[in-house]
Amino acid sequence: MNLNDLLAPPTSQPSASLLKRVAAVQMASLCVAALIALLVLLAWMFKDLRPGYPHGWYLMKFDTAAGILLSAASLLLLSSGRAPSRLWSGRALALLILLLAVAPLYEHLSGRSTGLDTLVVTDPTSDKPGLMSTQTAAYLLLMALSLLIATLPHRLSGVTVVVLTLLLALHTLIIFSGYCYGAVQLFGQSMSTRTSPHTLLCMLLLAVALIGWRTQLGYFSALSGQGLGSQLARKVLPLVLLLPFVLMLISSAMASAGWLAPQVAVGLTIALMAAALAALVALMGRRINHLEQGLRELSLNDELTGVLNFRGFEWLGEQSFREAQRSRTVLTLLVFRVEGVKEISDTYGQEASSHLIQDMARMLRESFDPADIVARTGNDEFVVITKDENTGGVIALMRIGEAMEALNAAGGSYKARFSVGEATSDPDADESFHDLIEKAGLRRRERWRVEHVLSGEGDRNVAAPPRSAKLQHSFDDASS
């Protein structure tokens, strides 16, 4: 599996309800970010509005506010449809964002002013008027490239946009961590040229909107899918993202208050983070094991009786047979058929026959060792594999007979009875697991025929009861 396979849209799309929630979150994020940027732009353009603004609003430069507003508009146009007018308008706005990002980056690298920072308004609040921070410019650059490349028809453009989106989200988290830990170098060059808190909020909102757009197109399938893994990822991801920052904020506050030395606060944060992540991994492992157990039981156990179904019998039985052949030990396989189930169902109803099948499964479980394999392989057929080398299950058969007599003595409307055939494996013989099944089934049918002839219920021409469809299929496979 290559990178394209990992990042390509999944074949199974998210549910419609999830897509609606993602679209609602995307729209709300775009609206809030655009509103903040628009209010800052108005403050820069109209001095009379500034007294009513909170302190520090000017830290979002005019070009920064314009870039955020253009990003929200471009993202809204590109994600709302494939109409040519929307497509070209979104591209044009993305080009303007690219210009707003490249100019300050050039100024920071070369030390030369382009004049673009103060082209529309002046900025007397900074030693570098109108110049946004390097971090903000880099964010706008990633956003502009994401929007431009997203309009390309090539399949690789989707992969590239996903990579740029992840880089944009990582860049935003780095700036956020700089604020949490007081590392000015992570969010600006000086206190007047920095990524302001309200700029950071707009960055987070735009990143959420961009991820939401790609999710609606089928990307980020690990978060947007309908499977159990996707549901678990959606629950765990917020905790994984917030936990380091919460611990960092707590340790920083304790260090600032003088309760802990800075070195102790850092060490304590790392220890708590490691313990929390270890606990999270353990909880996820437990949850996954629980889900796996449920799936295993669902696929290998018979719903009516709780014993193994045919698939479980084939899987565990084959393993037990091979292990016995390797260790040169003996297995005894017994095939049981509950007689008259169809007649009981026709006469007394489906519920009566179901109770009979459940009683038979219960008697088998109680009569054999817990380590033995008990399975229901057909509507009225059960199979048991026991490792009792001494008696070959004779004692268990006696227990089942006694339990059946007790069941009939309880005065039910019908008499329960069963036929059984057994076969013992030979480590020296060249036989397969299905040969052993065939041998036991044949012995049961012969015994049933003899018992019916001797009891006067039939003659030599009486037909043996049919094998279950699933076992018949296995016998045919084995004989072929």
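In what follows, the structure referred to is the one given above.
Residues numbered from 1 in each chain as written. Predicted model: local features only at pLDDT ≥ 70, side-chain atom pairs only at ≥ 80, totals over all residues. Heavy atoms only, no water.

*Asks:* Could you give an account of the sheet that holds strand β1 (residues 332–338), with specific residues and numbers?
*Replies:* The strand order across the open sheet built from four strands is β2-β3-β1-β4, with neighbouring strands paired in antiparallel fashion. Single-partner strands in this sheet number two, and they are β2 (373–376) and β4 (418–424). This sheet shows a mean twist of 15° between the axes of neighbouring strands, independent of strand direction. Bridging between β1 and strand β3 (residues 381–386) involves six bridges; their strand directions are antiparallel. In the strand pairing of β3, Thr 332 is matched with Thr 386. (Pairing = 2+ DSSP bridges. Helix = DSSP H or I, 4+ residues; strand = E, 2+ residues; numbered from the N terminus. Axes fitted to C-alpha atoms, helices over the stretch in contact; angles between N-to-C directions.)

*Asks:* Give a description of the environment of Val 335 that names residues and reports values.
*Replies:* With respect to the helices and strands, the residue Val 335 is situated in strand β1. According to the relative accessible area criterion, Val 335 is buried, its value standing at 2%. Along the backbone, Val 335 and Ile 437 are 102 residues apart, and their C-alpha atoms lie at a distance of 7.9 Å. (Buried < 20%, exposed > 50% of the residue type's maximum accessible area, 1.4 Å probe, protein only.)

*Asks:* Report on a positive patch on the surface, specifying residues and quantitative values.
*Replies:* Side chains of Arg 21, Arg 234, Lys 235 and Arg 287 sit close together on the surface and give a patch of like positive charge. Examined against the element boundaries, Arg 234 turns out to sit in helix α9 (residues 228–256). Residue classification places Arg 234 among the partly exposed positions, given a relative accessible area of 31%. (Patch = residues over 30% accessible without salt bridge, like charges linked within 9 Å, V, L, I, M, F, W, Y side chains within 5 Å. Areas by Shrake-Rupley, 256 points an atom, 1.4 Å probe, with all protein chains shown as cover. Salt bridge = Lys/Arg side-chain N within 4 Å of Asp/Glu carboxyl O. Lys, Arg positive; Asp, Glu negative; His and termini not counted. Charge placed at Lys NZ, Arg CZ, Asp CG, Glu CD.)

*Asks:* A description of the nonpolar core should follow, citing residues and the corresponding values.
*Replies:* Within the largest apolar cluster, 51 residues are counted, with the highest numbers of intra-cluster contacts made by Tyr 139, Leu 147 and Leu 206. Mapped by element, the contributors of at least two residues to this core are α2 (16–45), α3 (62–79), α4 (84–110), α5 (134–150), α6 (155–181) and α7 (197–216). Beyond its immediate chain neighbours, meaning those up to four positions away, Tyr 139 contacts Leu 168, His 171, Thr 172, Cys 202, Met 203, Leu 206 and Ala 207. (Core = buried A, V, L, I, M, F, W, Y, C linked by side-chain atoms within 4.5 Å. Contact = heavy atoms within 4.5 Å.)

*Asks:* Could you give me a rundown of the pattern of salt bridges, with the residues and numbers involved?
*Replies:* Following the criterion strictly, the structure yields 13 salt bridges and no others. The partner of Glu 422 in a salt bridge is Arg 447, and the shortest N-O contact between them spans 3.1 Å. Residue Glu 422 is located in strand β4, and its partner Arg 447 is located in helix α15 (residues 433–454); the two are separated by 25 residues in the primary sequence. Look at Arg 447 and you get partly exposed, because its relative accessible area is 30%. Linked through salt bridges whose partners overlap, the residues forming this network are Arg 337, Glu 339 and Asp 380.

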